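These are the residues of each chain, in order.
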Amino acid sequence: MTYPATNFTSNPPRLRVLIVGAGLSGLCIANSLLRDPAQRFDVSVFERDTVAFDSERGGYQIRLGQDGITGLKTCLSPETYLELSQAWGQELSRAPAIFQPTDGTILAKLAELKLYPQSRAVPRTALKEYLVRLPMERGALHFGRRVDSLVYQDNGDVSEVVLKFEDGSKIVIAADGSRSKASSLNRLAGLNNVKLLAGTAVCQGRGKIDASTRAKLPKILLDNGSLLYLSGETTGFCAVYELKDARGNPTEDSFLFWGHNGPEKIADLFAGTDDDDDTKAGRMAEHMVRDLGFDPQILPEVVRIGNRNLKAGQLSSSTTPHDWREGVAQRGRLIFIGDSIHAMTPSRGQGANQAMRDAAELSNLLLGNSIDAESPRTRLTDKDALALAKKFDEEMYPRAFGWVKASETAGNVDTTTWSGYLKMSLFLNAVRLGGLAVTLRDSLGLGTSKTLTF
Ligand SMILES: Cc1cc2nc3c(=O)[nH]c(=O)nc-3n(C[C@H](O)[C@H](O)[C@H](O)COP(=O)(O)OP(=O)(O)OC[C@H]3O[C@@H](n4cnc5c(N)ncnc54)[C@H](O)[C@@H]3O)c2cc1C
């Protein structure tokens, strides 16, 4: 497939930036580059999906920490950022409570812990609605365009990165997430650092529920909004939140989400193509009661009620990449951001935050670069592109891969055992007293203390 070249014949010539993936990071950086006052960038975003922001599939909330907020503030226009910030305005009280799934004891309400990193929750669909606005308005967003091959074409000191349906480009930003599998740019470029976590699986359910269904949810979930549990090799999360209409007013409906991580064999509970969702959810609920000793009235009940859009899969994580550019200057024209390079488990809620922070850092480098509005095509040599890419990686690697590591250790506590319970209690007391908190917090992998700056 050849993408029409109309965008690329602008006068004065602009630096062509091809973004693969209209996810959170790809859309963030597209917004930022499209807002360049000198209009030096000819931005095209290619998304494999036809509709990238379907409400059922993407219906979970994203908790925005400082990195996510910085990313959005940098990339969006002040007006759009202000509008979006109203969508998360009142959400702090809904930070998850850690609870004991066997008996429903609340161990901690994270929103009340001063040292727990602050965050704001925003529905992923709302976030996307704001992020797609400008790229759509400018005709820069192309749905149904899957990129599945990539070549570097040597043209002296100004090389092209060629995508399958393309006739050439100057910079490609890989923002294709971690679910792209064999055709991911990560593999095509030879990084191969994003891996499925062997031996683990995640089962999820999500969907819209009406008021009468919501009323049947366990009180502990209704009271706390979202719950987190750490039971050794099984960890999980569930949340319910009111859905708002396009004007931000509450509706009668709510959104329910649950995710349960555990050993690989839990995926079998959702196997059986002939079984309906009720049967599959029932198997999960039974497993929680029989094998894990969970209180039947809490999580198993949430699973029975949240029996739509059931999905089982493996978690992805990543390792810090080797020097995959190997000094080849033209490889500087391909830059990875977000899950496409630093996939991490969801336990710390940092994947999107780091992805959006990447977008901000990279756009700062591109916007701050001396790319000349009059003749950018000739000014960004391979050497310049490589220097820019290296500078980006130097900031991103320690930041994002630090979170990758922390995310893998977050599930190491088992509050259903005495030692795990003690560890958690010590941590919580330390946090309350403000004393030993840092050491214990790190051993639990829970977070860092920061106040949000908007
Ligand atoms: C249930 C759940 C809860 C989460 N909660 C949080 C949270 O609270 N906080 C947080 O920070 N993170 C959270 N995350 C993680 C977060 O969603 C991801 O880290 C984030 O979406 C990564 O953004 P991205 O732009 O890198 O990739 P994505 O958002 O995954 O976007 C990638 C896009 O690329 C497209 N694509 C893929 N391959 C191709 C191709 N070959 N050609 C064209 N397009 C392609 C995909 O269709 C997709 O639209 C959560 C994740 C899950 C599953």
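Calculation criteria
- Residues numbered from 1 in each chain as written.
- Predicted model: local features only at pLDDT ≥ 70, side-chain atom pairs only at ≥ 80, totals over all residues.
- Near = placed C-beta within 6 Å.
- Helix = DSSP H or I, 4+ residues; strand = E, 2+ residues; numbered from the N terminus.
- Nonpolar A, V, L, I, M, F, W, Y, C, P; charged D, E, K, R; others polar.
- Pairing = 2+ DSSP bridges.
- Axes fitted to C-alpha atoms, helices over the stretch in contact; angles between N-to-C directions.
- Parallel < 35°, antiparallel > 145°, perpendicular 65-115°, else oblique.
- Left-handed = near helix turned anticlockwise from the far one by under 90°.
- Contact = placed C-beta atoms within 7 Å.
- Expected span 1.5 Å × (residues − 1).
- Bend = angle between axes of the 7 residues up to and from the residue.
- Core = buried A, V, L, I, M, F, W, Y, C linked by C-beta atoms within 7 Å.
- Buried ≥ 20, exposed ≤ 12 C-beta atoms within 10 Å, placed from the backbone.
- UniProt positions renumbered as here; feature names shortened; annotations may be inferred.
- pLDDT = per-residue confidence, 0-100.

Draft legend 1. Region of interest: the site of the ligand. Surrounding the ligand, one finds 35 residues, the nearest of these being Gly21, Gly23, Gly177, Gly338 and Gly351. Those elements giving two or more residues to the shell around the ligand turn out to be α1 (24-34), β2 (41-47), β3 (61-64), α10 (339-342) and α11 (351-368). Considering every element that reaches the shell around the ligand, the biggest residue donor is α11, with four residues. Grouping the amino acids of the shell around the ligand by side-chain chemistry returns twelve nonpolar, 15 polar and eight charged.

Draft legend 2. Examining the sheet that holds β2 more closely. Read across the sheet, five strands follow the order β7-β2-β1-β10-β18 without closing on themselves; strand pairing throughout is parallel. This sheet does not close on itself; its edge strands, each paired only once, are β7 (141-143) and β18 (334-336). Pairwise comparison of adjacent strand axes, ignoring direction, gives a mean angle of 20 degrees for this sheet. As defined by bridge partners, strand β1 (residues 15-20) adjoins β2 across six bridges and the pair is classed as parallel.

Draft legend 3. Spotlight on the packing of helix α2 (residues 66-75) against α11. At a minimum axis distance of 7 Å, the contact between α2 and α11 shows a crossing angle of 40 degrees. Classified by the interaxial angle, the pair formed by α2 and α11 is oblique. Like other packed secondary-structure pairs, α2 and α11 cross with a definite hand, here left-handed. In this structure, α2 contributes Asp67, Gly68, Thr70, Gly71, Leu72, Thr74 and Cys75 to the contact, and α11 contributes Ala352, Asn353, Gln354, Met356, Arg357, Ala359, Ala360, Ser363 and Asn364. Residue classes in the contact of α2 with α11 are distributed as six nonpolar, eight polar and two charged.

Draft legend 4. Representation of helix α4 (residues 124-137) within the structure. Compared with an ideal rise of 1.5 Å per residue, which puts 14 residues at 20 Å, α4 spans 20 Å between its outermost C-alpha atoms and is within 8% of the ideal. At Leu131, α4 shows its largest kink, close to 30 degrees, and the proline Pro135 lies no more than four residues downstream. Gly139, located one to two residues past α4, shows a positive phi value of around 65 degrees.

Draft legend 5. Highlighting the sheet that holds strand β4 (residues 97-99). If you trace the seven strands from one edge of the open sheet to the other, you get β5-β4-β13-β14-β15-β12-β16, paired in mixed fashion. The two strands at the open ends of the sheet, each matched to only one other strand, are β5 (106-109) and β16 (311-313). In this sheet, neighbouring strand axes are inclined to one another by 15 degrees on average, regardless of whether the strands run parallel or antiparallel. In terms of strand pairing, β4 meets strand β13 (residues 226-231) through two bridges, oriented parallel.

Draft legend 6. Fine view of the nonpolar core. Ile19, Ile29, Ile173, Ile335 and Ile337 are the most contacted members of the largest nonpolar core, which has 68 residues in total. Not counting the four nearest positions on each side in its chain, Ile173 is found in contact with Val17, Ile19, Gly26, Ile29, Ile335 and Ile337.

Draft legend 7. Here's a closer look at the environment of Val194. Along the polypeptide, Val194 turns up in strand β11 (residues 194-196). Looking at Val194, the number of C-beta atoms within 10 Å reads 26, which means it is buried. Through-space distance from the C-alpha of Val194 to that of Asp339 is 8.5 Å; in sequence the pair is 145 residues apart.

Draft legend 8. Representation of unusual backbone geometry within the structure. Although it is not a glycine, Asn192 sits at a positive phi angle of roughly 50 degrees. Residue position: Asn192 is located in the loop between α5 (185-188) and β11. Positive phi, close to 45 degrees, is recorded for Glu326, a residue that is not glycine. Locating Glu326 in the fold gives a position in the loop between β17 (316-318) and β18.

Draft legend 9. Seen up close, the environment of Asp103. Secondary-structure assignment places Asp103 in the loop between β4 and β5. By the C-beta count within 10 Å, which is 11 here, Asp103 ends up exposed. A sequence separation of 192 residues divides Asp103 from Asp295, and the C-alpha atoms of the two residues are 5.5 Å apart.

Draft legend 10. Spatial organisation of the environment of Ile106. Mapped onto the fold, Ile106 is located in strand β5. Those residues within four positions of Ile106 in sequence are excluded, and the remaining contacts are Ala97 and Phe99.

Draft legend 11. The arrangement of the UniProt feature "domain: FAD-binding" (unreviewed entry) in the protein chain in detail. Sites flagged by UniProt as "domain: FAD-binding" (unreviewed entry) map to residues 330-366. Split by type, residues 330-366 is 54% helix and 8% strand. Its first and last C-alpha atoms lie 17 Å apart.

Draft legend 12. Structural context of the pairing of strand β9 (residues 160-163). Of the two faces of β9, only one is covered, namely that formed by Val161 and Leu163; the face formed by Glu160 and Val162 stays uncovered. With four bridges connecting them, strand β8 (residues 150-153) and β9 associate as antiparallel partners. Counted as the bridge partner of Tyr152 is Val161 from β9. Joining the antiparallel neighbours β8 and β9 is a turn of six residues, in which Gly156 adopts a positive phi near 75 degrees.

Draft legend 13. Fine view of the confidence of the model for the protein chain. On average, residues of the protein chain score 82 in pLDDT, and 78% of them reach the 70 mark or higher. Confidence drops under a pLDDT of 50 for residues 434-445, and excluding neighbours within four residues, the segment shows 20 contacts in the predicted structure.

Draft legend 14. Main features of helix α13 (residues 382-409). Here α13 contains 28 residues, and its C-alpha end-to-end distance of 39 Å stays within 8% of the 40 Å for a straight helix at 1.5 Å per residue. At Met396, α13 shows its largest bend, some 35 degrees, and a proline, Pro398, comes one to four positions later. Summarising the contacts, the buried residues of α13 are in contact with β10 (171-174), β17, β18, α10 and α11.

Draft legend 15. Fine view of the packing of α1 against α11. The contact between α1 and α11 brings their axes to 8 Å, and the two run at 25 degrees. The pairing of α1 with α11 is recorded here as roughly parallel in orientation. Crossing of α1 over α11 shows right-handed handedness. Here α1 contributes Leu24, Ser25, Cys28, Ile29, Ser32 and Leu33 to the contact with α11, which in turn contributes Ala352, Ala355, Met356, Asp358, Ala359, Leu362, Ser363 and Leu366. Split into classes, the residues belonging to the contact of α1 with α11 amount to ten nonpolar, three polar and one charged.

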